[in-house]
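# Structural overview
Residue strings, one per chain:
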Amino acid sequence: EITVARRSDVVIAASATEGRELRRLGAKQIFVIPATYESVPAPSVSKIPQEPLRIVHFGQLSTHANAIGLRDYLDQVAPVLPSNWEFQVIGSFSGADAKLIDSLRKMGATLTGRVDDLAAILRPFDVAIIPYRHNTGERTKVAQLFNYSQVVVAHEKAVAGVSYTRSGENCFVL
């Protein structure tokens, strides 16, 4: 990577975090082009809030950042939330830690597994959490969640590499 970064006239990165790292490695000129997704139709929104409130987590449970973030959520956040709020975990749980799966089921989470048509499962203004405490670069899921009108609540490091997040404007960064 170092040799390629230094020898290339231009390098394209998928996140601001990757761009900074490439600059540190000696790349001369870097363009950051975030991942995008095909737009979905705007949701029809009722003036009546959808009940009960639903929190969603989107991502494979075998991924290290997802597993750590969900453990933190279960330990620190879930115990203080109203019991009638739903929690839905969307994404493959194949190969995930059995204790994590068991903890999610015990707290009443719905584990959907992989979902091909997110429009069939995500309601507009569900609260999508990204509870990771580490900057791992571009969170492609943020663009997808915005695309499906989700209210994104994230740890500041989880979206540090996402240039288009603005806390209080299009998401809530804690």
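Placed above this text is the structure.
This write-up is about the structure you can find in this document. Worth saying up front: this structure is predicted, and the values here are computed from it rather than measured.

The next point concerns the overall build of the chain. Each helix and strand in the chain was counted, giving five helices and eight strands. Classification of the 174 residues of the chain by burial places 42% in the buried group. Contacts in the chain between residues far apart in sequence, at least 24 positions, make up 56% of those at least 6 positions apart. In the structure as shown, the chain presents an accessible area of about 10,300 Å², 53% of it carried by carbon and sulfur atoms.

Overall, the coordinates contain two aromatic pairs when judged by the stated rule. Between Phe146 and Tyr164 the ring centres are 6.2 Å apart and the planes differ by 65°, which places this aromatic pair in the edge-to-face class. With a gap of 18 residues between them, Phe146 in helix H5 (residues 140–147) and Tyr164 in the loop between strand S7 (151–154) and strand S8 (172–173) connect regions that are remote in the sequence. The exposure class of Phe146 is partly exposed, given its relative accessible area of 24%. The class of Tyr164 is partly exposed, set by a relative accessible area of 23%.

For helix H3 (residues 64–77), with 14 residues, the first-to-last C-alpha span of 19 Å sits near the 20 Å given by 1.5 Å per residue. Turning to H3, its buried residues are Ala65, Asn66, Ala67, Ile68, Gly69, Leu70, Asp72, Tyr73 and Leu74. Packed against the buried residues of H3 are strand S3 (54–58), strand S4 (86–90), helix H4 (98–106), strand S6 (127–130) and H5.

Looking now at the pairing of S4. Of all five residues making up S4, four are buried, and the element is well covered by its neighbours. For S3 and S4, the ladder comprises five bridges, and the chain directions are parallel. Its bridge partner being in S4, Arg54 is matched across the sheet by Glu86. Once you follow S3 into H3 and on to S4, the crossover reads as right-handed. Two strands pair when backbone bridges link them, and S4 and strand S5 (residues 110–113) are joined in this way by three bridges, in the parallel orientation. The partner of Gln88 across the bridge, within S5, is Thr110.

Procedures and definitions
Residue positions are given per chain, counting from 1 as you read along its sequence in written order. Note on the predicted model: pLDDT of at least 70 is required for a residue's local features to be given, and 80 or more for side-chain atom pairs to be given and counted; whole-chain, interface and lining totals, by contrast, use all residues. Just so you know, side-chain values use all the structure's heavy atoms and leave hydrogens and water out. Where helices and strands are cited, they refer to DSSP runs of H or I of at least four residues and of E of at least two residues respectively, numbered from the N terminus. We call a residue buried when its accessible area falls under 20% of the maximum for its residue type, exposed when it is over 50%, and partly exposed in between, using a 1.4 Å probe and counting protein chains only. Note on contacts: a residue pair is in contact if any heavy atoms of the two residues lie within 4.5 Å. Method for areas: the Shrake-Rupley scheme with a 1.4 Å probe, in which residue coverage is limited to the protein chains shown. Two rings from Phe, Tyr or Trp (for Trp, the six-membered ring) form a pair when their centres sit within 6.5 Å of each other. Planes less than 30 degrees apart are called stacked, planes more than 60 degrees apart edge-to-face, and all others tilted. Helix span, as expected, comes to 1.5 Å for every residue beyond the first. Here, a strand pair is defined by DSSP locating no fewer than two bridges between the strands. A clockwise path from the first strand over the helix to the second, with the strands pointing away from the viewer, defines a right-handed crossover.

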